[in-house]
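# A structural walkthrough
Here is what each chain is made of, one letter per residue.
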Amino acid sequence: MSAILSTTSKSFLSRGSTRQCQNMQKALFALLNARHYSSASEQTLKERFAEIIPAKAEEIKKFKKEHGKTVIGEVLLEQAYGGMRGIKGLVWEGSVLDPEEGIRFRGRTIPEIQRELPKAEGSTEPLPEALFWLLLTGEIPTDAQVKALSADLAARSEIPEHVIQLLDSLPKDLHPMAQFSIAVTALESESKFAKAYAQGVSKKEYWSYTFEDSLDLLGKLPVIASKIYRNVFKDGKITSTDPNADYGKNLAQLLGYENKDFIDLMRLYLTIHSDHEGGNVSAHTTHFSGFCLIFAILIFGRWFEWFSWPITWSCQSRSFRMAI
């Protein structure tokens, strides 16, 4: 296979740029890694998700039929004036945030997550890919499944040239989250859902293309975040995604850090910030946009705009200052 890759690269190089050749090689190696870590007995996340969807849809349909008229709360005038604060109006199964206990992901506390989720070799912290699997399925993935998901996300990491040029054209004093929102919105050009929808894909297949867009976006986020960080605070140059590295390690390395403790910090930070219940602005923004059939990539762009909110951004900034 390495001989095939070498031959293919040389052929491509004769027609294109070195950078294009390197990007193609990186994608091919990452694809091979994903296949290497997968096996006939180990399902991919999408395969497992496809199995769960029909039963889950039927469960919700039955639950709504039996309890659809149940009153779950009352609304006060002051709540309506206060931006719906405290109103029960959204179902969120991924996590629950308790003011005393803290957050639980699919019923598990952070210490339980740290114990139960797969980890990178030599690391003591859980992998965010594993939590993503847990959030979508309610199940703890195997080491092999997480490695395959890591390789899949790495294979999706390349961002188009027009997004790179767009980021390079933005002023350094533009809020980083505003830059993030702009870059993510510009990725709409790569949306598989948008293309399928324009071709009249069946509603039953919406989830599949939304899933692909979501994983494509997840794969690209570390590169976008690192590009913004390097543009604002460093020389604007970033390294390539490592097809053999996990999500947190790739983010740390793209940012320019090789320190093992910092890499572990990124793994934990990404894991415990992967979900935040349903009672906040970001959750409502994404859900309401989803009801309007807005593409996942554009929804996520709107989600980033909420994180430009001063209170949220200042909390994140203080956390990183304390950590670094």
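Thresholds, definitions, all that
Residues numbered from 1 in each chain as written. Predicted model: local features only at pLDDT ≥ 70, side-chain atom pairs only at ≥ 80, totals over all residues. Heavy atoms only, no water. UniProt positions renumbered as here; feature names shortened; annotations may be inferred. Phe/Tyr/Trp six-rings, centres within 6.5 Å; stacked < 30°, edge-to-face > 60°. Helix = DSSP H or I, 4+ residues; strand = E, 2+ residues; numbered from the N terminus. Buried < 20%, exposed > 50% of the residue type's maximum accessible area, 1.4 Å probe, protein only. Lys NZ or Arg CZ within 6 Å of the ring centre and 35° of its normal. Pairing = 2+ DSSP bridges.

Taking an unreviewed UniProt entry as the reference, the chain is identified by name as Citrate synthase belonging to Saccharomyces cerevisiae x Saccharomyces kudriavzevii. Word for word, the UniProt comment on the chain under Sequence similarities (unreviewed entry) is "Belongs to the citrate synthase family."

A separate point is the packing of aromatic side chains. As enumerated under the stated definition, the model contains 8 aromatic pairs in all. Ring centres 5.4 Å apart and planes at 45° place the aromatic pair Y229 and F233 in the tilted group. On the criterion of helical spacing, the pair formed by Y229 and F233 is a turn pair, its members being 4 residues apart in helix α11 (residues 206-233). Residue F233 is classed as exposed on the basis of its relative accessible area of 57%. A connected cluster of aromatic rings, assembled from ring pairs, spans F49, W207 and F211. Of note, K46 hangs over the ring of W207, and the distance from its end group to the ring centre comes to 5.9 Å.

Let us now look at the sheet that holds strand β1 (residues 95-98). Spatially, the 3 strands line up as an open sheet ordered β1-β2-β3, and their pairing is antiparallel. Unpaired on one side and paired on the other, β1 and β3 (108-109) mark the two borders of the sheet. Direction of pairing for strand β2 (residues 102-105) relative to β3: antiparallel, over a ladder of 2 bridges. Bridge assignment links R104 to a residue of β3, and that residue is T109.

Position of K227 relative to the elements: it lies in helix α11. Assessed through its relative accessible area of 10%, K227 is described here as buried.

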